[in-house]
Amino acid sequence: MPNEELYKFLKQAKRLGGEIFIVSNSRLSDIKEFADYFKMDLSIFKKIIVNDFDKIEMTKQHIYSDIMHRYNYLPQETMVIGNSVKNDLKPAQRLKMHTYHVTNGFTYKEIVE
């Protein structure tokens, strides 16, 4: 499994009361297929948010801001973990959220090919 240590970290954070979201530009079906392939339990996530650009044009910065507002999180209480500096981490950094850059994982395309 790519990023097995990261997955362990997320499960531990959940056990300690952390609330974990997936915010992705991937389709929900792709996320579920990825989770099935690696036997990941998606129930550790409070919510899976798929940015469907065809229906509504929201950037990840808008989505991160909405999550913080909706669930009363402060930026210093949140962390975005992502593989794209431009699409995942920069929007979070603009909101003063903590970030962690994943560089050793596989993309979905690499797994299915």
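We now turn to the structure provided with this report. (Residues numbered from 1 in each chain as written. Predicted model: local features only at pLDDT ≥ 70, side-chain atom pairs only at ≥ 80, totals over all residues. Heavy atoms only, no water.)

### Thoughts on the packing of aromatic side chains
And then number 1: As enumerated under the stated definition, the model contains five aromatic pairs in all.
And then number 2: Summarising the aromatic geometry, the rings of Y37 and F38 are spaced 4.8 Å apart at their centres and angled 80° between planes, so their arrangement reads as edge-to-face.
And then number 3: Judged by relative accessible area, which is 14%, F38 ranks as buried.
And then number 4: An aromatic cluster of at least three residues, connected via ring pairs, comprises F21, Y71 and Y73. (Phe/Tyr/Trp six-rings, centres within 6.5 Å; stacked < 30°, edge-to-face > 60°. Buried < 20%, exposed > 50% of the residue type's maximum accessible area, 1.4 Å probe, protein only.)

### Quick notes on the pattern of salt bridges
And then number 1: In this structure the tally under the stated criterion is five salt bridges.
And then number 2: Here D88 and K60 are joined by a salt bridge, their closest N and O atoms 2.4 Å apart. Of this pair, D88 sits in helix α4 (residues 85-94) while K60 sits in helix α3 (residues 60-71); the two residues are 28 residues apart in sequence, bridging distant segments of the chain.
And then number 3: Ionic pairing is found between R70 and D66, a salt bridge with its closest N-O pair at 3.0 Å. Taken as a pair, R70 and D66 lie in helix α3 at a separation of four residues, close to a single helical turn.
And then number 4: Given the relative accessible area of 52%, R70 is considered exposed. (Salt bridge = Lys/Arg side-chain N within 4 Å of Asp/Glu carboxyl O. Helix = DSSP H or I, 4+ residues; strand = E, 2+ residues; numbered from the N terminus.)

### Topic: the pairing of strand β2 (residues 45-50)
And then number 1: Direction of pairing for strand β1 (residues 20-24) relative to β2: parallel, over a ladder of five bridges. The residue of β2 that forms the bridge with I20 is F45.
And then number 2: As for the winding sense of the linkage, the β-α-β connection from β1 through helix α2 (residues 28-37) to β2 is right-handed. (Pairing = 2+ DSSP bridges. Right-handed = clockwise from strand over helix to strand, strands pointing away.)

### As for the nonpolar core
The nonpolar side chains of a soluble globular protein tend to be buried with one another.
And then number 1: With 13 residues, the main nonpolar core has V23, I49, Y64, I67, V80 and M97 as its most contacted residues.
And then number 2: At the level of elements, β1, α3 and α4 are the ones that each hand at least two residues to this core.
And then number 3: For V80, the residues in contact, after removing those within four places along its chain, are Y64, D88, L89, A92, M97, H98, T99 and Y100.
And then number 4: Within the second largest apolar cluster, twelve residues are counted, among which are Y7, I22, I44 and F45. (Core = buried A, V, L, I, M, F, W, Y, C linked by side-chain atoms within 4.5 Å. Contact = heavy atoms within 4.5 Å.)

### Here's the deal with α3
Structurally, the α-helix is built with 3.6 residues per turn, so residues lying three or four positions apart point the same way.
And then number 1: With twelve residues, α3 extends 16 Å between its outermost C-alpha atoms, agreeing within 8% with the 16 Å of an ideal straight helix rising 1.5 Å per residue.
And then number 2: Buried residues of α3: K60, I63, Y64, I67 and M68, and no others. Viewed end-on, α3 has its buried residues packed into an arc of 135°, placing them on one side of the element. The exposed residues of α3 that point more than 90 degrees off its buried face are H69 and R70.
And then number 3: Two residues or fewer past α3, N72 is found with a positive phi of approximately 55°. (Expected span 1.5 Å × (residues − 1). Arc of directions from axis to C-beta.)

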